[in-house]
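What follows is each chain in one-letter form.
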Amino acid sequence: MSTKKTISCEELLMIANQLIQDHDAYQEGMRATSVEQRDDVLVFKGEYFLDDGGLPTAKTTAVFNMFKYLAHQLSPKFTLS
């Protein structure tokens, strides 16, 4: 028996972006703009703040870690409708 709540992408993104803003590692501009479900894992996407050459910056690592945090926090609780 699953204890996960079924939720729309829009509702989940609202929750995810609130978690991002409330997190100690939040940096200006961090935002999840899409989410998809792969098996039991929610995968969040958004701006990765690459440099002009398309290479990662320090902010890229912070965003990647934030999206990973969201996956760990929200995947056990929600499933997409």
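Residues numbered from 1 in each chain as written. Predicted model: local features only at pLDDT ≥ 70, side-chain atom pairs only at ≥ 80, totals over all residues. Heavy atoms only, no water.

A few points about the environment of E47
Argument step 1. The residue E47 is located in the loop between strand 3 (41–46) and helix 2 (58–74) in this model.
Argument step 2. The exposure class assigned to E47 is partly exposed, which follows from its relative accessible area of 45%.
Argument step 3. Not counting the four nearest positions on each side in its chain, E47 is found in contact with R31 and V63.
Argument step 4. There is a polar contact of 2.9 Å between the side chain of E47 and the backbone nitrogen of F49. (Helix = DSSP H or I, 4+ residues; strand = E, 2+ residues; numbered from the N terminus. Buried < 20%, exposed > 50% of the residue type's maximum accessible area, 1.4 Å probe, protein only. Contact = heavy atoms within 4.5 Å. Polar contact = N/O pair within 3.5 Å; in protein donor to acceptor, adjacent residues only side chain to side chain.)

Some points on the confidence of the model for the protein chain
Argument step 1. In the predicted model, the protein chain carries a mean pLDDT of 94, and the fraction of residues at 70 or more is 98%.
Argument step 2. Mean pLDDT across the elements of the protein chain bottoms out in helix 2 (95) and peaks in helix 1 (residues 9–22) (98). (pLDDT = per-residue confidence, 0-100.)

Some points on the packing of aromatic side chains
Argument step 1. Applying the stated rule across the entire model yields one aromatic pair.
Argument step 2. Between the aromatic rings of Y48 and F67, the centroid separation amounts to 5.6 Å while the plane-to-plane angle is 90°, which identifies the pairing as edge-to-face. In this pair, Y48 sits in the loop between strand 3 and helix 2 while F67 sits in helix 2, placing the two residues 19 residues apart along the sequence.
Argument step 3. The partly exposed category is assigned to Y48, whose relative accessible area is 29%.
Argument step 4. Exposure remark for F67: the relative accessible area of 5% places this residue in the buried category.
Argument step 5. The lysine or arginine in question, K59, covers the ring of F49, its NZ or CZ lying 4.2 Å from the ring centre. (Phe/Tyr/Trp six-rings, centres within 6.5 Å; stacked < 30°, edge-to-face > 60°. Lys NZ or Arg CZ within 6 Å of the ring centre and 35° of its normal.)

Re helix 1
Argument step 1. A rise of 1.5 Å per residue sets the reference length of helix 1, with its 14 residues, at 20 Å; its end C-alpha atoms lie 20 Å apart and thus fit the reference within 8%.
Argument step 2. Where helix 1 is concerned, the buried positions are L12, L13, A16, N17 and I20. Angularly, the buried residues of helix 1 cover 130° about the axis, an arc narrow enough to put them on a single face. The exposed set on the far side of helix 1, more than 90 degrees from its buried face, consists of M14 and D22.
Argument step 3. Close packing links the buried residues of helix 1 with strand 1 (5–7), strand 2 (32–38), strand 3, helix 2 and strand 4 (78–80). (Expected span 1.5 Å × (residues − 1). Arc of directions from axis to C-beta.)

Remarks on the pattern of salt bridges
Argument step 1. Evaluation of the coordinates by the stated rule reveals two salt bridges.
Argument step 2. Put simply, E36 and K45 hold a salt bridge, and the shortest N to O gap is 3.5 Å.
Argument step 3. Taking the relative accessible area as the measure of exposure, E36 reaches 31% and is therefore partly exposed.
Argument step 4. Counted as one network, the salt bridges with shared partners bring together E36, R38 and K45. (Salt bridge = Lys/Arg side-chain N within 4 Å of Asp/Glu carboxyl O.)

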